[in-house]
Structures are given as C-alpha cells and as structure tokens.
Amino acid sequence: MNIVLLGPPGVGKGTQAKILSTIYQIPQISTGDMLRSAVNAGTPLGLQAKAQMQAGGLVSDDVVIGLIRERLRAEDARNGFILDGFPRTVAQAETLDRMLAESQQQLDAVLHLTAPDEEIVRRLSGRALCTRCGAIFHQSSNPPRQAGVCDVCGDSVVRREDDSPEIIRERLRVYAQQTAPLVQYYAGRSGYASVSAVESPDSVQATLLRLLGRGRDG
Ligand code: AMP
C-alpha cells in the first residue's frame, strides 16, 4: 500500500501515519523527521536545510527529492510506505510519480487531511515531541503523564523550534502558496479523498481505515 498523507502542518499527518504504519506494517516516511535528524547530526545536508526550516520555508526540491529517492529504495519500503510531509510542491509530486512509474508502482491513496487555520494554530502552539521516538503530545489535550518525559520511551519531550507563533504563520502561508495546489494535482485520481481532521485522532483514524479498506477492495 503506497500512501501519501497531504495536509497543512499540525493537521495530524504524523499521528495518523504512525498508526497506519503499525497497522499496515509499512514505514512512515517523514521528510521533516529526516531533515531534523540531518540538522541535529550536523551533516552537510542538515547545514544546507537548517536556515529554511528555522524560517518556516521549504527546503529545496532537489535536496528533498534526493532524500526520498534514496529512502524509497530501502528494503523496508518494498511492500509500501506512508509519505508524511512529502510531496510539498507540484515539482515534488511530479517527480514522485515518475520515480514510482520507473519501478512499475503507483500511489494507492492520497489522503488529504483538513482543519481550519485556528485549529492548526491551537494544535501547533501546544505541540511537543519526543526527541527519540517522535511520539507526539499536546500540552492541554494530550500531555505526557510526567511533564517533559515521553510515555512511550522515557526520553525528553520538547517543543519544536518552528512551532512558535510567527513561524507557524509563515508555515501556513507557505502551505497555502506551495502545497495546497497539490489538492488540484491529485483530486481527480482514484484513491484521493479529503477528510476532516477536526475530530479526535481515533475518529479520523477510523475514517482513514474505512477509505483505505474501500480502496483495497476496489
Ligand atoms: P514537517 O516536520 O513536515 O512540518 O517539516 C518541517 C520542515 O522541514 C518544513 O517546514 C520544511 O522546512 C522542511 N520540509 C519537510 N518536508 C519538506 C518537503 N517535502 N519539501 C520541502 N521542505 C520540507
């Protein structure tokens, strides 16, 4: 099952990707996570990406496409994958289609998660992540049992630097300008569905699974 999760920052792509990854036993591939690891490790690629990420802009298509090309070749992605945060531009989407076609593959589902901007801002403003396993928390709706400590692996739970009010506004602007056109790009295809992500993660998950089940049965 080859899945793309599309939608603005903070809409719940990461949360849903983790659940789907467990259910379908296919990897969650988050370009944001990959880039953050590169930044933390201080690799040349990380150094190149850091400034754009801190400012809430997009890292160049070439860099991100290079990362994805390599990641999709890995053994664990042979039976499928969940792309979370990629593609983010029409050029990335076109390259993805070409890459998949080269290996006689295609996307089975493009699930577009939506929520109003006020809800996105509320979620991102309270969001915190585990530095090791990536578990996602929210200071009011889903706080870790012990402040600052991950329920799943016990490592530290911290705010993301780019989850500050000013950068959140910029990320939403960039989304509207560069990523929202992907809705048009994918909308006519079989496997595309737009899903409101305002309800609880469990309810959104149930909707996604229903859509994917339908997709699989044809
Ligand atoms: P995310 O964790 O998906 O919110 O991504 C964090 C940041 O990484 C974004 O604000 C971008 O700067 C960068 N990034 C992640 N994925 C992409 C992508 N597909 N294209 C360009 N930049 C990306």
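Check the entry above for the structure.
Residues numbered from 1 in each chain as written. Predicted model: local features only at pLDDT ≥ 70, side-chain atom pairs only at ≥ 80, totals over all residues. Heavy atoms only, no water.

Draft legend 1. Here's a closer look at the sheet that holds strand S4 (residues 109-114). Read across the sheet, five strands follow the order S2-S3-S1-S4-S8 without closing on themselves; strand pairing throughout is parallel. Looking along the sheet, the strands with just one partner apiece sit at the ends: strand S2 (28-30) and strand S8 (192-196). On average, each strand axis in the sheet is tilted by 20 degrees relative to the strand beside it, whichever way the strands run. Taken together, the four bridges between strand S1 (residues 2-6) and S4 define a ladder with parallel strand orientation. (Pairing = 2+ DSSP bridges. Helix = DSSP H or I, 4+ residues; strand = E, 2+ residues; numbered from the N terminus. Axes fitted to C-alpha atoms, helices over the stretch in contact; angles between N-to-C directions.)

Draft legend 2. Structural context of the site of the ligand. Looking at the ligand, there are 15 residues lining it, with Thr31, Arg36, Gly57, Gly85 and Gln92 nearest. Here an oxygen atom of the ligand and a backbone polar atom of Gly57 are 2.6 Å apart. Within the side chain of Arg160, a nitrogen or oxygen atom sits 3.0 Å from an oxygen atom of the ligand. When the ligand sits alone it has 480 Å² of accessible area, and the protein chains cover 96% of it. A per-element tally of the shell around the ligand places helix H2 (residues 31-41) first, with four residues. Residues of the shell around the ligand, tallied by class, amount to six nonpolar, five polar and four charged. (Near = heavy atom within 4 Å. Polar contact = N/O pair within 3.5 Å; in protein donor to acceptor, adjacent residues only side chain to side chain. Areas by Shrake-Rupley, 256 points an atom, 1.4 Å probe, with all protein chains shown as cover. Nonpolar A, V, L, I, M, F, W, Y, C, P; charged D, E, K, R; others polar.)

Draft legend 3. Highlighting the nonpolar core. In this structure, Leu35, Leu83, Leu96, Leu107 and Tyr186 are the most contacted members of the largest nonpolar core, which totals 26 residues. Those elements giving two or more residues to this core turn out to be S1, helix H3 (44-55), helix H4 (61-72), strand S3 (81-84), helix H5 (90-102) and helix H8 (181-187). The leading source of residues in this core is H4, at six residues. What Leu96 contacts, discounting residues up to four positions off in sequence, is Val4, Leu72, Leu83, Phe86, Pro87, Leu107 and Tyr186. Grouped together as the second largest cluster of nonpolar side chains are 22 residues, Tyr24, Ala109, Ile120 and Leu172 included. (Core = buried A, V, L, I, M, F, W, Y, C linked by side-chain atoms within 4.5 Å. Buried < 20%, exposed > 50% of the residue type's maximum accessible area, 1.4 Å probe, protein only. Contact = heavy atoms within 4.5 Å.)

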